[in-house]
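# Examination of the molecular architecture
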Amino acid sequence: MSKIATLEIDGNKYEFPIIQGTESELGIDIKALRGATGGITTIDPGYKNTGSCESAITFLDGEKGILRYRGYAIEELAEKADFLEVAYLLIFGDLPTAVELEKFSNDIKEESHVDEDMKKILDGFPKSAHPMGVLSSLTNALIAFNPGSVDVASEEAMYDAIVKILSKFPVLAAWTMRKRQGLPLDYGNDSLGYVENLHKMMFARPNRTYRANKIVNDALDKLLILHADHEQNCSTSTVRIVGSSHAGLFASLSAGISALWGPLHGGANQAVIEMLEAIKRDGGDVGKYIAKAKDKNDPFRLMGFGHRVYKNFDPRAKIIKSAAEEVLGDLGIEDPVLDIAKKLAKVALEDEYFVQRKLYPNVDFYSGIIYRALGVPTDMFTVMFALGRLPGWIAQWREMRLRKEPIGRPRQIYIGERNRPFVAVEKRK
Ligand code: CMC
C-alpha cells in the first residue's frame, strides 16, 4: 500500500505521496507543495535532506558503508573489472559483452586526437596555473572544436559525444601536467589500453622507450574505478544542474571539474598530503593536529576525514588503505607519510570528538599516498579524481537528459531589505 505524509500548517492539512526506491529508501514527494499551500517552500541549505532526482546509477548506504554501481558492489568491481568496463556499466546500465567492450574501446581510440590548435590555448596558461583550472578551461574549449549541441534524442549522437570526451579528456589531463613540467606533449599509443595509455601520456620521456608497469597501471585502474561515481555529490549535482539548462555535455563537465576542485570535495586529496607533510615537518606530533581539528576557534579540519553521507565507514577508503600498503610494498617505497596517516587515523578513530560526529577516513585520506608512490605530482591529484569521475558525470548527465528533467532552479527564503524608495546619488548619506 502506498504511504502518505501529512503536513499541517495553521490547522490546514496537506497530503503528499511517499515514493519508495528499489532499496526501500523513502522520499516525500513535495512536487505539489507550493501549489497546494499557496507558495510555501522548504528550506534545506546544502541539500542535506533533499533528493534532487530519481536515479538508477549508484546506490549508497552511508550507515552500512555500501556503495554499488548499477547494482554491483564496489569491492567486486575494484577487484574484477577494469575502468573501461565500469565506465560502460555506469553510462549504459549493464556490463558490456566482450564484443561491446571491444567496440567501445576501439571507438574511444579512434577519437584520441585533439585538435593541434588546442595547444595554443594550453600555451596561453602560465606554468604556475593550477591543473584543475586548466583542465576545466580546456574541457570547455573543446566545444569550440566540436561545435553543435548533442542531439539527445539520437542514441548515436549521444554515443559519439560520450566516446569523444572519454577519449580526449585523458589527453587534456596529461597535457596539462606535461606543460607544467616543461615536457613535450605526448600523443599516446593506441596499442595500449585506456589506463596504460593515460599513464604513457603522463609519464613517457621523450628520450626513453616507454615501458608499462603492471603494478602501477593496476593501481591506477583501481583508483579510477573507486572514484567513478558517487551519486548526487557537489560536482555531479553541478553537472546535472548545468546540463538541465540544455547546456551541452562538455560545458556541463567543465562546470563539474570546477566544483570538484574545492578542498571540501575532490581537492581534499591534495589537501591531505599537504596536511600530512606539514605534520611531518612539524615533528610528527599527531595529537597537536587532532587538538587543532577539535578546536572550534581554529578553522583547521582534518582533511580526508568525514563525509556527508558515510556515517560508519567509507568502503572506498577501506579498499584504498590496503591498496596503498600493497602498492608501496610492491614498488619497494617507504613513505613516512603513510605512517603518519595511519597514526592519525588510529588516534582520531578512538577520539570522542570524531566518534560522536561519526567522522571516518574518506576516499581521499589514502589516495594521495598511492598517487605519490606512482609519481603523480601533488597538484595533479584532483585531476586524477576527475579522470575517474568522468564516466559518472557522463552517466548522470545522460540520465538527466533522457528522463527529460526540468531545469534546476531552487527556491529561497528572502531575508534582505524590504521595498525601499530610490535615493539620488547626491542625496545619499
Ligand atoms: N575535521 C574536524 N571536524 C570535522 C570534520 C573534519 N574533517 N568534518 C566535519 N567535522 C565536524 C564539524 O565541525 C561539525 O562539528 P559540530 O557539529 O560540532 O559543528 C560536524 O563534524 C559535522 O560537520 P559538517 O561540516 O556539518 O558535515 P558536512 O556533512 O556538511 O561536511 C565534509 C562533510 C566532507 C565537507 C566535512 O566532513 C569536511 O570538511 N571534511 C574534510 C574535507 C574532506 O575530506 N573532504 C572530502 C570528502 S570525500 C571526497 C568527495 O567525495 O568529495
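Everything discussed here concerns the structure shown above.
Heads up: these notes are all about the structure in this document. (Residues numbered from 1 in each chain as written. Predicted model: local features only at pLDDT ≥ 70, side-chain atom pairs only at ≥ 80, totals over all residues. Heavy atoms only, no water.)

A word on the overall build of the chain. A tally of helices and strands in the chain yields 18 helices and six strands. Radius of gyration (C-alpha) of the chain: 24 Å, near the 22 Å computed for a compact globule of 429 residues. Dimensions of the chain, computed from the C-alpha atoms along their principal axes, are close to 75 × 70 × 55 Å. By residue count, 46% of the 429 residues in the chain fall in the buried class. (Helix = DSSP H or I, 4+ residues; strand = E, 2+ residues; numbered from the N terminus. Rg over C-alpha atoms; globule rule 2.2 N^0.38 Å. Buried < 20%, exposed > 50% of the residue type's maximum accessible area, 1.4 Å probe, protein only.)

For the rest of this paragraph, the subject is the packing of aromatic side chains. Scanning all chains against the criterion turns up 13 aromatic pairs. Pairing Phe92 with Tyr159 gives two aromatic rings, centres 6.0 Å apart and planes at 35°, and the pair type is tilted. Taken together, the residues span a long stretch of sequence, with Phe92 in helix H3 (residues 83–92) and Tyr159 in helix H7 (residues 155–181) at a distance of 67 residues. You can call Tyr159 buried: its relative accessible area is 16%. Summarising the aromatic geometry, the rings of Trp175 and Tyr187 are spaced 5.7 Å apart at their centres and angled 80° between planes, so their arrangement reads as edge-to-face. Taken together, the residues span a long stretch of sequence, with Trp175 in helix H7 and Tyr187 in the loop between H7 and helix H8 (194–203) at a distance of twelve residues. Residue Trp175 is classed as buried on the basis of its relative accessible area of 2%. If you follow Lys119 out to its NZ or CZ, it ends over the ring of Trp175, 5.9 Å from the centre. One residue, Arg357, lies across the ring of Tyr353, its end atom 3.8 Å from the ring centre. (Phe/Tyr/Trp six-rings, centres within 6.5 Å; stacked < 30°, edge-to-face > 60°. Lys NZ or Arg CZ within 6 Å of the ring centre and 35° of its normal.)

Our next topic: unusual backbone geometry. Here Arg70, not a glycine, exhibits a phi torsion of approximately 50°, which is positive. Position of Arg70 among the secondary structure elements: in the loop between strand E5 (66–69) and strand E6 (72–73). Of note in the backbone geometry, Lys358 takes a positive phi value of approximately 55° without being a glycine. Within the secondary structure, Lys358 sits in the loop between helix H16 (352–356) and helix H17 (363–373).

All right, on to H7 then. With 27 residues, H7 should cover 39 Å at 1.5 Å per step; its first-to-last C-alpha distance of 40 Å lies within 8% of that length. Within H7, the axis deviates most sharply at Lys168, by approximately 25°, and proline Pro170 lies no more than four positions further along. In terms of burial, H7 is largely enclosed, as 20 of its 27 residues are buried. At the exit of H7 stands Gly182, carrying a positive phi of roughly 70°. (Expected span 1.5 Å × (residues − 1). Bend = angle between axes of the 7 residues up to and from the residue.)

Now for empty space enclosed by the protein. With the rule as written, the count across this model stands at one cavity of 30 Å³ or more. When its volume is computed, the largest cavity comes out at roughly 60 Å³. Taken together, Leu122, Phe125, Pro126, Lys127, Ala129, Pro131, Val134, Thr176, Lys179 and Arg180 form the lining of the largest cavity. Looking at the lining of the largest cavity, the elements with two or more residues in it are helix H6 (131–145) and H7. Counting residues per element, the lining of the largest cavity draws most heavily on H7, which supplies three residues. Each residue belonging to the lining of the largest cavity can be placed in one class, and the counts come to six nonpolar, one polar and three charged. (1 Å grid on protein atoms, 1.4 Å probe; cavity = no way out; pocket = protein on both sides within 12 Å on 5 of 7 lines; lining within 4 Å. Points joined across faces, edges and corners; volume = space filled by probe spheres on them. Nonpolar A, V, L, I, M, F, W, Y, C, P; charged D, E, K, R; others polar.)

Time to look at the nonpolar core. Core analysis: the largest hydrophobic core is formed by 116 residues, its most contacted members being Tyr69 and Leu302. No other element matches the 14 residues that H7 contributes to this core. Leu302 has contacts with Met275, Tyr289, Ile290, Ala293, Leu344, Ala348 and Phe354, leaving out every residue within four places of it along the chain. (Core = buried A, V, L, I, M, F, W, Y, C linked by side-chain atoms within 4.5 Å. Contact = heavy atoms within 4.5 Å.)

Turning to the sheet that holds strand E1 (residues 3–9), a few remarks are in order. Spatially, the three strands line up as an open sheet ordered E1-E2-E3, and their pairing is antiparallel. Whereas interior strands pair on both sides, the edge strands pair on one side only; in this sheet they are E1 and strand E3 (26–28). Strand-to-strand, the axes of this sheet are offset by a mean angle of 30°, without reference to chain direction. Here E1 runs beside strand E2 (residues 12–20); their pairing, made up of seven bridges, is antiparallel. Note that in E2 the partner of Ile9 across the bridge is Asn12. (Pairing = 2+ DSSP bridges. Axes fitted to C-alpha atoms, helices over the stretch in contact; angles between N-to-C directions.)

For the ligand, the set of nearby residues contains 22 residues, the closest of which are His265, Arg301, Leu302, Gly304 and Arg308. Within the side chain of Lys48, one N or O atom sits 3.2 Å away from an oxygen atom of the ligand. A distance of 2.9 Å is found between a nitrogen atom of the ligand and a side-chain nitrogen or oxygen belonging to Tyr353. About the coverage of the ligand: the protein hides 78% of its 930 Å² of free accessible area. (Near = heavy atom within 4 Å. Polar contact = N/O pair within 3.5 Å; in protein donor to acceptor, adjacent residues only side chain to side chain. Areas by Shrake-Rupley, 256 points an atom, 1.4 Å probe, with all protein chains shown as cover.)

We now examine the environment of Ala324. Locating Ala324 in the fold gives a position in helix H14 (residues 315–331). We classify Ala324 as buried; its relative accessible area is 0%. For the pair Ala324 and Ile370, spaced 46 residues apart in the sequence, the C-alpha separation amounts to 5.3 Å. Once you skip the residues sitting within four places of it in the chain, Ala324 turns out to touch Tyr366 and Ile370.

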